[in-house]
Amino acid sequence: MSNDAATETPTLDGPQQEPPAHGLGASLSPADARAKTEGTFPYAADLWAEGLLWAAILRSPHPHARIVSIDTEAAAAMPGVRAVVTHEDVQGDPSYGRRVVDRPVFASEVVRHHGEAIAAVAADHPDTARLAAAAIAVEYEVLDPVTDPEKAFAAEPLHPDGNLIRHIPLRYGDSAVNGEVIVEGLYRIGRQDPAPIGAEAGLAVPRPDGGVEFYTASTDPHTDRDLAAACFGLDPERVKVVVTGVPGATGDREDPGFQIPLGLLALRTGCPVKLAATREESFLGHAHRHPTLLRYRHHADAEGRLVKVEAQILLDAGAYADSSSESLAAAVSFACGPYVVPHAFIEGWAVRTNNPPSGHVRGEGAMQVCAAYEGQMDKLAAKLGLDPAELRLRNVLATGDILPTGQTVTCPAPVAELLQAVRDFPLPALPKDTPEAAWLLPGGPEGAGEPGAVRRGVGYGIGMVHMLGAEGADEVSTATVKVHDGVATVICAAVETGQGFSTLARQIVQETLGIEEVHVASVDTDQPPAGPAAHGRHTWVSGGAVERAAKMVRTQLLQPLAHKFGMSTELLQITDGKITSYDGVLSTTVTEAMDGKELWATAQCRPHPTEPLDESGQGDAFVGMAFCAIRAVVDVDIELGSIRVVEMAVAQDVGRILNPAQLATRIEAGVTQGIGTALTENLRTTRGLVRRPDLTGYALPTSLDAPDVRIVKLIEERDVVAPFGAKPASAAPVVTAPAAVASAVRAATGRPVSRLPIRPQAAVAVSPS
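### Concerning the overall build of the protein chain
Link 1 in the chain: On a plain count of helices and strands, the protein chain comes out with 16 helices and 31 strands.
Link 2 in the chain: Expected size for 769 residues packed as a compact globule is a radius of gyration near 27 Å; at 27 Å, the protein chain falls within 12% of this value.
Link 3 in the chain: Projected onto its principal axes, the C-alpha coordinates of the protein chain cover approximately 85 × 75 × 60 Å.
Link 4 in the chain: For the protein chain, buried positions account for 60% of its 769 residues.
Link 5 in the chain: Within the protein chain, residue pairs in contact and separated by at least 24 positions form 80% of the contacts whose partners lie at least 6 positions apart.
Link 6 in the chain: Entry remark: accessible area of the protein chain is about 29600 Å², with carbon and sulfur atoms responsible for 51%.
Link 7 in the chain: Each charge sign in the protein chain was given a centre, from 64 positive and 95 negative side chains, and these centres are 3 Å apart.

The following block contains the structure:
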């Protein structure tokens, strides 16, 4: 992002006011910003304990094989080795899974994906642990892997639960209706890795009661505790998870597959055991975005208004189910996009293969279908001779419209305003054909391209995501607010993953109680659960719980004063640490009103319930939705196929801006992640074997790849059912950006661009124009 873009002020709906110094609406800096900047913030990889042992995990070199034997004698006999554990040492449930319990802690009879855990070692030095793991002798009978999800339907079962995880047939309207104009497309989305910055690491410490404590960067500590306890055969009360500093997360940050072997080794040795995964282990072990195959047929009338959408969506879940059912529900439900479609017939499947496991990554399901339906809209515009933005405007949905699932859109849905904002924003200047501007060429200053081969393209993407869990998920969070000596403390098990919850919690208390100094306690499982950090749920559910607890404390604080002066608490207000009455009779400070007392309250927040999709794909499955429109401008060398993203103009409905600086950062980061999906990020496999599982083989976008991100409009239309009226910020641009980039490349090259990431050969124009 350029310096100009960084200082640009977004356009906001409604009257604009000077932002407050603290509380909601302030650009409050994160409390841990200084420590992270100076490198003193404690991450899990930095942990240490007296008598520490180091762990290493032996992983399968095959994507599919039968295990004939496992011989650990040589490894156990090595000097410095304290324990070797396999499936035989799992005392409780041999399998785990956050959503579906189908993944073994250690493979016992069959290996189902490359990198599956076979055994784990604890030793007094990390090198010794790795050498001992390598010394474990495993005899395999290699089997043919099933890596094509289309072939998984007829293949022999890869798992006792079968190959089909879920099938959703969505039926909406009349299947006999056809449009005057029909376009078809086949789209493929690659395997994106969440690529968490910072090593995945953890420390397990045995407890005197025979239990174990984990110190790890978990994003869902209570679920991780329960899964580990089940595998250890322990009561959950004897397992504790303490959340250490999380170095960012765009999915499930610490997979239980790293934690459970640690706990087994700690229980076996009676010593603290630490694991710091290599980047290769991370790529092989944790879940990725679902590779997806999508077939679409769009019907429209002569004016370009959609009549019917038909689609088939196939998600490759890899070896285990994980969140595939939820991802499929999002993909099928949003398969038509934020458009009014009178008739829709969608078939969705999620299947097991011998590919790496897929799971929760930001915008799962919604991102894949967005790339496909926006490709269809470009095809439809070209066939009708319409401007792509105009075609979209003729079809966008609004509040009160009905989704193909039968759910009415009751939340704000200003999709037309968002698209108009990015369409009307001035285009960036064209690069000059001069040597001084050579760095503007695709490929950079050392590229082989010629300015005469560069074509500029402008494309559009409109995306939508759901908020919170779906299909009947019980979303609930608990928070406690304590105030003593002019200092407030928030206790809530919502994990700060970089989404800004800790900052938001401080702002809520500042706003409600007028106390500037607010601390957020560290998270562990001794606190009531707050659920996973996904789908904006901590802004909504955990933030709502903090607000309710703070308001209860506010009532405790104001009631004695109100009683003394013969008025209701509603007639008193707290501003900048001062309590005043409506008539000016009462004026005192919060500290004076506290009079040395400690006040505290605990509250819960639970949104209105949802329901599962029925056998026809119908149901009110989502609490709410958020929308985003992006206009992408790209330069493409049509001879070499190299692509440079010049600018991304973003408009988003955010409900309410709670922290302007934090919101802008989240949107910019989401756009950049989406650009990686569009152009570079693809965890490649050959017959199930992961190729080059490192950050040289897997190309993340860097600061040099980030374009100017212009946040041209943020619509503040509050969702009345959400606390504060806010919507999630980062998932919507992640979903929308890849579709916008692909649309712009189509405009520049005239090529269909039906695969993400976009390969150079797909960006070479058929004939220069």
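### Some points on the sheet that holds strand β22 (residues 572-575)
Link 1 in the chain: Taking strand neighbours across the sheet as the criterion, the three strands line up as β22-β23-β24 in an open arrangement whose pairing is antiparallel. Taken across any chain shown, the strands that pair with only one partner, and hence form the sheet edges, are β22 and β24 (587-589). Within this sheet the neighbouring strands show an average axis-to-axis angle of 25 degrees, counted without direction.
Link 2 in the chain: As paired elements, strand β23 (residues 578-581) and β24 share three bridges and run antiparallel to each other. Across the sheet, the residue bridging to Ile579 is Thr588, located in β24.
Link 3 in the chain: Packing of helix α13 (residues 537-565) onto the sheet brings it into contact with β22, β23 and β24, and relative to β22 it is tilted by some 125 degrees.

### Some details on the sheet that holds strand β12 (residues 212-216)
Strand-to-strand pairing in sheets goes through backbone hydrogen bonds, with the strands running parallel or antiparallel.
Link 1 in the chain: Spatially, the seven strands line up as an open sheet ordered β3-β7-β1-β14-β11-β12-β13, and their pairing is mixed. The sheet terminates laterally at β3 (81-85) and β13 (239-243), the two strands that pair on one side only. Looking at each pair of strands side by side, their axes are set apart by 25 degrees on average, direction ignored.
Link 2 in the chain: Bridging between strand β1 (residues 53-59) and strand β14 (residues 273-276) involves two bridges; their strand directions are parallel. Paired with Leu53 across the two strands is Val273, which belongs to β14.
Link 3 in the chain: Where helix α5 (residues 221-232) meets the sheet, its contacts fall on β12 and β13, and the angle it forms with β13 comes to roughly 145 degrees.

### Focus on the nonpolar core
Link 1 in the chain: Ranked by size, the top nonpolar core spans 104 residues in total, and within it Tyr296 and Val741 carry the most contacts.
Link 2 in the chain: With eleven residues, the top contributor of residues to this core is helix α16 (residues 731-749).
Link 3 in the chain: Non-local contacts of Val741, meaning those with residues more than four positions away in its chain, are made with Ala632, Val634, Val645, Met648, Ile675, Ala678, Leu679 and Ile758.
Link 4 in the chain: Counting residues in hydrophobic clusters, the runner-up holds 53 residues, among them Ile574, Val590, Leu599 and Ala601.

### Focus on the packing of aromatic side chains
The description of an aromatic ring pair rests on the distance of the ring centres and on the angle between the ring planes.
Link 1 in the chain: According to the stated counting rule, one finds eight aromatic pairs in the structure shown.
Link 2 in the chain: Seen from their ring centres, Phe41 and Tyr43 are 5.1 Å apart, and the 65 degrees between their planes marks the pair as edge-to-face.
Link 3 in the chain: Tyr43 sits in the partly exposed class, given a relative accessible area of 25%.
Link 4 in the chain: Note on Tyr187 and Tyr296: the rings are 6.5 Å apart at their centroids and 80 degrees apart in plane angle, and the pair reads as edge-to-face. Pair noted here: Tyr187 is in strand β10 (residues 181-189) and Tyr296 is in strand β15 (residues 292-300), with a separation of 109 residues, a long-range link. Both residues of the pair, Tyr187 and Tyr296, belong to the buried class.

### As for the pattern of salt bridges
Link 1 in the chain: If you walk through the whole model with that rule in mind, you get 34 salt bridges.
Link 2 in the chain: Close ionic contact of Glu38 with Arg34 constitutes a salt bridge, the shortest N to O distance being 3.1 Å. Here Glu38 and its partner Arg34 are both found in helix α2 (residues 33-38), four residues apart, which amounts to about one turn of the helix.
Link 3 in the chain: Overall, Arg34 belongs to the exposed group, its relative accessible area being 63%.
Link 4 in the chain: As a salt-bridge pair, Asp89 and Arg268 come within 2.2 Å of each other at their nearest N and O atoms. Here Asp89, found in the loop between β3 and β4 (95-96), pairs with Arg268, found in helix α6 (residues 256-269); they are 179 residues apart in sequence, far enough to count as distant.
Link 5 in the chain: Note on Asp89: relative accessible area 19%, which makes it buried.
Link 6 in the chain: For Arg268, a relative accessible area of 44% gives the class partly exposed.

### Here's the deal with the environment of Asp127
Link 1 in the chain: Here Asp127 lies in helix α4 (residues 126-135).
Link 2 in the chain: Overall, the relative accessible area of 38% leaves Asp127 in the partly exposed class.
Link 3 in the chain: For Asp127 and Leu695, which are 568 residues apart along the polypeptide, the C-alpha to C-alpha distance reads 22 Å.
Link 4 in the chain: At 2.5 Å, the side chain of Asp127 forms a polar contact with the side chain of Arg130.

### A short note on the pairing of strand β20 (residues 487-492)
Link 1 in the chain: The two faces of β20 differ: Ala488, Val490 and Cys492 on one face are buried, but Val487, Thr489 and Ile491 on the other face are not.
Link 2 in the chain: Sheet topology places strand β19 (residues 477-484) next to β20; six bridges connect them, and they run antiparallel. For His484, the partnering residue across the bridge sits in β20 and is Val487.
Link 3 in the chain: Where β19 folds back onto β20 in an antiparallel hairpin, the turn is made up of two residues, including Asp485, whose phi is positive at roughly 55 degrees.
Link 4 in the chain: As defined by bridge partners, β20 adjoins strand β21 (residues 518-520) across three bridges and the pair is classed as parallel. Across the sheet, Thr489 pairs through a bridge with His519, a residue of β21.
Link 5 in the chain: Crossover β20 to β21 through helix α12 (residues 501-513) is right-handed.

### Considering α12
Link 1 in the chain: Relative to the 18 Å expected for 13 residues at 1.5 Å per residue, α12 spans 18 Å between its end C-alpha atoms, a close match to the ideal helical length.
Link 2 in the chain: For α12, the buried fraction is high: eleven of the 13 residues fall into the buried class.
Link 3 in the chain: Of all the positions in α12, only Phe501, Thr503, Leu504, Ala505, Arg506, Gln507, Ile508, Val509, Gln510, Thr512 and Leu513 are classed as buried.
Link 4 in the chain: Directly after α12, the chain includes Gly514, whose backbone phi takes a positive value near 70 degrees.

### Observations concerning helix α11 (residues 415-424)
Link 1 in the chain: Turning to α11, its buried residues are Val415, Leu418, Leu419, Ala421 and Val422. The buried side chains of α11 occupy one side of the element, clustering within an arc of 155 degrees when seen end-on.
Link 2 in the chain: Where α11 is buried, its residues contact α10 (388-393), β18 (454-470), β26 (622-637), β27 (643-653) and β30 (708-715).

Cut-off values and rules
- Residues numbered from 1 in each chain as written.
- Predicted model: local features only at pLDDT ≥ 70, side-chain atom pairs only at ≥ 80, totals over all residues.
- Heavy atoms only, no water.
- Helix = DSSP H or I, 4+ residues; strand = E, 2+ residues; numbered from the N terminus.
- Rg over C-alpha atoms; globule rule 2.2 N^0.38 Å.
- Buried < 20%, exposed > 50% of the residue type's maximum accessible area, 1.4 Å probe, protein only.
- Contact = heavy atoms within 4.5 Å.
- Areas by Shrake-Rupley, 256 points an atom, 1.4 Å probe, with all protein chains shown as cover.
- Lys, Arg positive; Asp, Glu negative; His and termini not counted.
- Charge placed at Lys NZ, Arg CZ, Asp CG, Glu CD.
- Pairing = 2+ DSSP bridges.
- Axes fitted to C-alpha atoms, helices over the stretch in contact; angles between N-to-C directions.
- Core = buried A, V, L, I, M, F, W, Y, C linked by side-chain atoms within 4.5 Å.
- Phe/Tyr/Trp six-rings, centres within 6.5 Å; stacked < 30°, edge-to-face > 60°.
- Salt bridge = Lys/Arg side-chain N within 4 Å of Asp/Glu carboxyl O.
- Polar contact = N/O pair within 3.5 Å; in protein donor to acceptor, adjacent residues only side chain to side chain.
- Right-handed = clockwise from strand over helix to strand, strands pointing away.
- Expected span 1.5 Å × (residues − 1).
- Arc of directions from axis to C-beta.

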